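Spelled out from the first residue to the last, the chains are:
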Amino acid sequence: MSKHGNEQTAYDAVIIGGGPAGLSAAVALARSLRSVLVVDAGAQRNLPAAGAHNLLGREGIAPADLIRDGRAEALTYGVEFADATVRDARREPDDHDFVVDLDSEQTVTARRIVLATGLVDVLPDIDGVSQAWGHGVLHCPFCHGYEVRGRRVGVIASSAPQATHQALLFARLAKETAVFANGIEFDDDQRADLGVMGVAVIDGVVERVDVDGRDTRAIRVAGAPYDVDAVVVGPRMTARTELYERLGGRPEDHPMGVLIPTDQYGATPVAGVWAAGNAGDLAAMVATAAGTGVMVGAMITADLLAEDVRAVRGGISGLARGVE
Ligand SMILES: Cc1cc2nc3c(=O)[nH]c(=O)nc-3n(C[C@H](O)[C@H](O)[C@H](O)COP(=O)(O)OP(=O)(O)OC[C@H]3O[C@@H](n4cnc5c(N)ncnc54)[C@H](O)[C@@H]3O)c2cc1C
């Protein structure tokens, strides 16, 4: 880290978002002795859940504990943290580096930006759903299916292909599974597939989900309660793309929502800007989000070194850092 000409703190990389992806990118960069600031607003996507599953070595850990431990590891390598929201990131026309404004009124500069800003699950607008989200209301059979094995599961459809996919996967684990069509049309093929797994399709509009705290008790259609132990919904997954757009990027539509486009190593089409985790991959789970973070950290390390070597060979003193 160094002071820039106008006294802003200058980092090799500013990582926006301190979930599994951002923390993993930070550790990879800091282990290569790069200066890193992680700015995190503290809204990791799985915080409403009791545990994070499919995570080798930390199976079932409370999401907040995973973040706490990841931050502690990153600190041991010298990563700096700001508990804040980045409100703007830009590249000044005459400047080599990015300028990043935090809502804490701090402004820093960075040679590279990592967008590890995650996504927002846009839930169906049905009473009870947001109240029980992440506990009685679920979306992912791999994250929570095992926890509701042998129970009664109701899948509220937002789209026929997605609801069919979810219901078939949950039906292998649950005692009873039903799809609540909620105005969505299911074709004969979808109904036949669901029939093979014993999944009923209940037509009609869902009025509300009856909840008790964060537990779900019933799905109501035309006044009639259908008893359930868990409700599955299909949120629209919208990556947080505002900063990417401010940096000149164009988000990409996806059947499940919207995301930041990247190559297989996390580089976006905007030079110097990388994306990791759910920001660039709507299907990323904790382990895979962390995996893309490590990859992005490694690729930026190599990219910075290549730039430094070019600068030295081109005789551009002052640009090369760490290789003089
Ligand atoms: C209810 C639920 C349960 C889940 N359970 C599991 C599970 O059991 N196993 C599993 O593998 N996956 C699970 N997932 C998926 C898991 O949450 C994601 O894979 C993971 O959180 C993605 O990590 P990430 O780092 O990309 O994003 P996140 O963890 O969402 O972190 C993004 C961070 O960026 C911050 N941020 C965003 N914008 C800004 C900004 N402008 N400035 C500063 N900070 C910003 C946010 O506040 C947040 O802290 C679950 C998801 C949900 C919704």
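Residues numbered from 1 in each chain as written. Predicted model: local features only at pLDDT ≥ 70, side-chain atom pairs only at ≥ 80, totals over all residues. Heavy atoms only, no water.

> Outline the domain arrangement of the chain, listing residues and values.
Along its sequence, the chain is carved into domain 1 (2–121 + 236–313) and domain 2 (124–232). Between the C-alpha centres of domain 1 and domain 2 there is a distance of 34 Å. Each side of the interface is counted separately: domain 1 has 8 residues, and domain 2 has 9 residues. Carbon and sulfur atoms make up 57% of the area that domain 1 and domain 2 hide from each other, which totals about 670 Å². The largest share of the area that domain 1 buries against domain 2 comes from Pro 48, His 53 and Met 285, three residues that together contribute 54% of it. Remark: the boundary between domain 1 and domain 2 carries 3 residue pairs in polar contact (both at pLDDT 80 or more). Residue composition of the side of domain 1 that touches domain 2, grouped by class: 4 nonpolar, 2 polar and 2 charged. (Domains from an automatic or database assignment. Contact = heavy atoms within 4.5 Å. Buried area = accessible area lost by both parts, 1.4 Å probe. Polar contact = N/O pair within 3.5 Å; in protein donor to acceptor, adjacent residues only side chain to side chain. Nonpolar A, V, L, I, M, F, W, Y, C, P; charged D, E, K, R; others polar.)

> Would you mind going over the side chain of Ser 24 in detail, with residue names and values included?
Topologically, Ser 24 is positioned in helix 1 (residues 20–30). Overall, the relative accessible area of 16% leaves Ser 24 in the buried class. Look past the residues within four positions of Ser 24 in its chain and what remains in contact with it is Ala 290, Gly 293 and Val 294. (Helix = DSSP H or I, 4+ residues; strand = E, 2+ residues; numbered from the N terminus. Buried < 20%, exposed > 50% of the residue type's maximum accessible area, 1.4 Å probe, protein only.)

> Kindly report on the side chain of Asp 101, identifying the contributing residues and their values.
Looking at the secondary structure, you find Asp 101 in strand 6 (residues 98–102). Look past the residues within four positions of Asp 101 in its chain and what remains in contact with it is Thr 85, Val 86, Arg 87, Asp 88, Arg 90, Gln 106 and Thr 107.

> Hey, could you go over the environment of Ala 171 for me, with residue numbers and the actual values?
In this structure, Ala 171 sits in helix 4 (residues 160–171). Of the residues examined, Ala 171 reaches a relative accessible area of 13% and is grouped as buried. Taking the C-alpha atoms as reference points, Ala 171 and Arg 313, 142 residues apart in sequence, are found 62 Å from one another.

> Go over the sheet that holds strand 17 (residues 236–239) with me, naming the residues and quoting the values.
Strand order across the open sheet formed by 4 strands is 8-17-19-18, with mixed pairing between neighbours. Every other strand in the sheet has two partners, leaving strand 8 (119–122) and strand 18 (252–254) as the edge strands with one partner each. Strand-to-strand twist in this sheet, taken as the mean axis angle between neighbours without regard to direction, amounts to 25 degrees. In this structure, strand 8 lies alongside strand 17, joined through 4 bridges in antiparallel fashion. In the strand pairing of strand 17, Asp 121 is matched with Met 237. (Pairing = 2+ DSSP bridges. Axes fitted to C-alpha atoms, helices over the stretch in contact; angles between N-to-C directions.)

> If you had to explain the nonpolar core to someone new, which residues and values would you point to?
Residues Val 14, Val 39, Val 100, Leu 102, Ile 113, Leu 115 and Val 273 are the most contacted members of the largest nonpolar core, which totals 24 residues. Elements with a minimum of two residues in this core: strand 2 (9–16), strand 3 (36–40), strand 5 (86–91), strand 6, strand 7 (107–115), helix 6 (242–246) and strand 20 (273–275). The biggest single contributor to this core is strand 7, with 4 residues. If we ignore the near neighbours within four places in the chain, the residues touching Val 273 are Phe 98, Ile 113, Leu 115, Tyr 244, Leu 247, Ala 267 and Thr 268. Within the second largest apolar cluster, 22 residues are counted, among which are Ala 30, Val 79, Val 114 and Val 296. (Core = buried A, V, L, I, M, F, W, Y, C linked by side-chain atoms within 4.5 Å.)

> Tell me about the pairing of strand 13 (residues 206–212), and please be specific about residues and values.
Successive side chains on a regular strand alternate, one facing one side of the sheet and the next facing the other. Relative to strand 14 (residues 215–221), strand 13 is paired through 6 bridges, and the arrangement is antiparallel. Paired with Arg 208 across the bridge in strand 14 is Arg 220. In textbook terms, the turn of a hairpin is the stretch between consecutive antiparallel strands, and for strand 13 and strand 14 this stretch comprises 2 residues, one of which, Gly 213, has a positive phi near 65 degrees.

> Can you break down the site of the ligand residue by residue, with the values?
Taken together, 38 residues lie near the ligand, and Asp 40, Ala 43, His 53, Ala 284 and Val 286 sit nearest. In this structure, Gln 44 approaches the ligand through a side-chain N or O atom, which is 3.3 Å from an oxygen atom. The contact in question runs from an oxygen atom of the ligand to an N or O atom on the backbone of Asn 278, over 2.8 Å. Protein contact buries 97% of the 990 Å² of open area that the ligand shows by itself. When contributions to the shell around the ligand are tallied by element, the ones reaching two or more residues are helix 1, strand 3, helix 3 (141–144) and helix 7 (286–313). (Near = heavy atom within 4 Å. Areas by Shrake-Rupley, 256 points an atom, 1.4 Å probe, with all protein chains shown as cover.)

> Report on the packing of aromatic side chains, specifying residues and quantitative values.
Taken as a whole and judged by the stated rule, the model has 1 aromatic pair. Note that Arg 91 overlies the ring of Phe 98, its terminal NZ or CZ placed 4.2 Å from the centroid. Across from the ring centre of Tyr 146, 3.9 Å away, lies the NZ or CZ of Arg 149, which sits over that ring. (Phe/Tyr/Trp six-rings, centres within 6.5 Å; stacked < 30°, edge-to-face > 60°. Lys NZ or Arg CZ within 6 Å of the ring centre and 35° of its normal.)

> If you had to explain a negative patch on the surface to someone new, which residues and values would you point to?
There is a patch of like negative charges on the surface, built from Asp 187, Asp 188, Asp 189 and Asp 193. Inspection of the secondary structure puts Asp 189 in helix 5 (residues 188–196). (Patch = residues over 30% accessible without salt bridge, like charges linked within 9 Å, V, L, I, M, F, W, Y side chains within 5 Å. Salt bridge = Lys/Arg side-chain N within 4 Å of Asp/Glu carboxyl O. Lys, Arg positive; Asp, Glu negative; His and termini not counted. Charge placed at Lys NZ, Arg CZ, Asp CG, Glu CD.)

> A description of the packing of helix 1 against helix 7 should follow, citing residues and the corresponding values.
In the contact formed by helix 1 and helix 7, the axes pass within 7 Å of each other and the chain directions differ by 35 degrees. As for the relative orientation of helix 1 and helix 7, their crossing is right-handed in sense. Contact residues: helix 1 offers Pro 20, Ala 21, Ser 24, Ala 25, Ala 28 and Leu 29, while helix 7 offers Val 286, Ala 289, Ala 290, Gly 293, Val 294, Gly 297, Ala 298, Ile 300 and Thr 301. (Left-handed = near helix turned anticlockwise from the far one by under 90°.)

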